[in-house]
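Summary of the model geometry
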Amino acid sequence: MAIQIRKKLLNVESIYHEGGPARETPIVMGSIAVVIKNPYAGRYVEDLSELVADSKVLAQEIVPELMEAVGGADKVQAYGKGAIVGLNGELEHGAIWHEAGGWTMRAALPTAKSIVPAAKVVAAAGTRLQIPLHHIEACYVRSHFTTMEVGSIDSPRPDELLYALVVSTGTRVHERLGGLRAADISVGDGQR
């Protein structure tokens with residue numbers, strides 16, 4: 001099975017403020033998404049391992065592009081992943097991206113320990129997906145809880161999948177609600 005890409009979307013946002021004091025250096029958030037043909041659309045297939053393997057190769061191709069877009073892997077502090085499955089597919093086809101996208105992105109970030117949060121849905125073209133992000137070293141670092149929207153007006157078509165990865169170079173731009181701070185991560189278990 002060879003993955004057939006119809007389109008790739010790369011988006012970078014530089015966030016200076018949300019009405020409060022402007023930052024000198026913005027928080028940079030980036031997303032990369034690919035729209036591919038769903039080889040299982042319209043039918044039930046018990047063994048999904050072929051698309052899992054091919055999706056890992058796909059992730060290895062797009063992760064470096066995302067890291068470069070936000071200034072390098074060393075800048076990434078938060079991450080997430082998501083999938084939109086076209087209407088002729090099933091949610092499990094989106095779940096393929098958990099291992100393929102998540103593990104590949106973590107491998108590119110030497111200090112990453114926390115699970116890569118995810119969102120997935122079966123939906124029509126034009127659906128916008130809010131993908132959660134949290135800190136790459138400890139998922140309980142509250143300052144990095146945020147989302148990034150991903151989608152495309154013509155995607156995914158009923159027989160397609162949209163797989164996405166998102167990253168951020170920092171906290172929410174005006175975070176100030178306390179909780180575990182990144183500087184206070186001590187357990188090293190990916191949680192605290």
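Located above this text is the structure these notes cover.
In short, a report on the structure.

Calculation notes
- Residues numbered from 1 in each chain as written.
- Predicted model: local features only at pLDDT ≥ 70, side-chain atom pairs only at ≥ 80, totals over all residues.
- Heavy atoms only, no water.
- Helix = DSSP H or I, 4+ residues; strand = E, 2+ residues; numbered from the N terminus.
- Rg over C-alpha atoms; globule rule 2.2 N^0.38 Å.
- Buried < 20%, exposed > 50% of the residue type's maximum accessible area, 1.4 Å probe, protein only.
- Contact = heavy atoms within 4.5 Å.
- 1 Å grid on protein atoms, 1.4 Å probe; cavity = no way out; pocket = protein on both sides within 12 Å on 5 of 7 lines; lining within 4 Å.
- Points joined across faces, edges and corners; volume = space filled by probe spheres on them.
- Nonpolar A, V, L, I, M, F, W, Y, C, P; charged D, E, K, R; others polar.
- Expected span 1.5 Å × (residues − 1).
- Phe/Tyr/Trp six-rings, centres within 6.5 Å; stacked < 30°, edge-to-face > 60°.
- Lys NZ or Arg CZ within 6 Å of the ring centre and 35° of its normal.
- Salt bridge = Lys/Arg side-chain N within 4 Å of Asp/Glu carboxyl O.
- Core = buried A, V, L, I, M, F, W, Y, C linked by side-chain atoms within 4.5 Å.

What about the overall build of the protein chain?
Helix and strand counts for the protein chain come out as two helices and seven strands. Secondary structure elements of the protein chain, listed N to C terminal, follow the sequence β-β-α-β-α-β-β-β-β. Over its C-alpha atoms the protein chain spans a radius of gyration of 17 Å, differing by no more than 12% from the 16 Å that the globule rule assigns to 192 residues. Seen along its three principal axes, the alpha-carbon backbone of the protein chain occupies a region of about 50 × 35 × 25 Å. The burial tally for the protein chain puts 46% of its 192 residues in the buried class. Taking the intrachain contacts of the protein chain between residues at least 6 apart in sequence as the baseline, contacts between residues at least 24 apart amount to 76%.

Some words on the layout of surface pockets
Of the pockets and cavities examined, the largest pocket occupies roughly 170 Å³. Lining the largest pocket are 13 residues, and of these Ile15, Glu18, Thr146, Arg172 and Val173 lie nearest its centre. Classifying every residue of the lining of the largest pocket gives three nonpolar, five polar and five charged.

Structural notes on helix 2 (residues 91-107)
For helix 2, built from 17 residues, the straight-helix expectation of 24 Å at 1.5 Å per residue is met to within 8% by its first-to-last C-alpha distance of 25 Å. Taken as a whole, helix 2 has its buried residues at His93, Gly94, Ala95, Ile96, Trp97, Ala100, Gly101, Gly102, Thr104 and Met105. The secondary structure elements touched by the buried residues of helix 2 are helix 1 (49-69), strand 3 (78-85), strand 4 (118-122) and strand 7 (160-168).

Notes on the packing of aromatic side chains
Counted according to the given criterion, the structure contains one aromatic pair. With 4.6 Å between their ring centres and 5° between their planes, tryptophan 97 and tyrosine 163 make a pair best called stacked. Highlighted residues: tryptophan 97 in helix 2 and tyrosine 163 in strand 7, separated in sequence by 66 residues. Here the two residues tryptophan 97 and tyrosine 163 agree in accessibility, since each one is buried. Over the face of the ring belonging to tyrosine 140 we find arginine 192, whose NZ or CZ atom lies 4.1 Å from the ring centre.

Points about helix 1
Given a rise of 1.5 Å per residue, 21 residues ought to cover 30 Å, and the 30 Å separating the end C-alpha atoms of helix 1 matches this to within 8%. Within helix 1, burial applies to Leu51, Val52, Asp54, Ser55, Leu58, Ala59, Ile62, Val63, Leu66 and Met67. Where helix 1 is buried, its residues touch strand 1 (5-15), strand 2 (27-37), helix 2 and strand 7. Where helix 1 terminates, the next one or two residues include glycine 71, which has phi positive at roughly 100°.

Thoughts on the pattern of salt bridges
Under the criterion given, the structure shown has ten salt bridges. Between lysine 56 and glutamate 99 there is a salt bridge, and its shortest N-O distance comes to 2.9 Å. Placement of the pair is lysine 56 in helix 1 and glutamate 99 in helix 2, with a sequence separation of 43 residues. As a salt-bridge pair, glutamate 149 and arginine 128 come within 3.2 Å of each other at their nearest N and O atoms. Here arginine 128 lies in strand 5 (residues 128-135) and glutamate 149 lies in strand 6 (residues 146-151), a separation of 21 residues in the sequence. Using a relative accessible area of 35% as the deciding quantity, one classes glutamate 149 as partly exposed. Beyond isolated ion pairs, a larger network of salt bridges with shared partners links Arg6, Lys7, Asp154, Arg157 and Glu160.

So, the nonpolar core
Ranked by size, the top nonpolar core spans 32 residues in total, and within it Tyr79, Trp97, Met105, Leu109, Tyr163, Leu165 and Val167 carry the most contacts. For this core, the elements supplying multiple residues, two or more each, are strand 2, helix 1, strand 3, helix 2 and strand 7. It is helix 1 that provides the largest number of residues to this core, a total of eight residues. Apart from the residues within four sequence positions on either side, valine 167 is in contact with Val28, Met29, Gly30, Leu66, Met67, Val70, Val76, Ala78, Tyr79, Met105 and Leu133. Listed in part, the 18 residues of the second largest apolar core include Ala33, Ala78, Leu129 and Val166.

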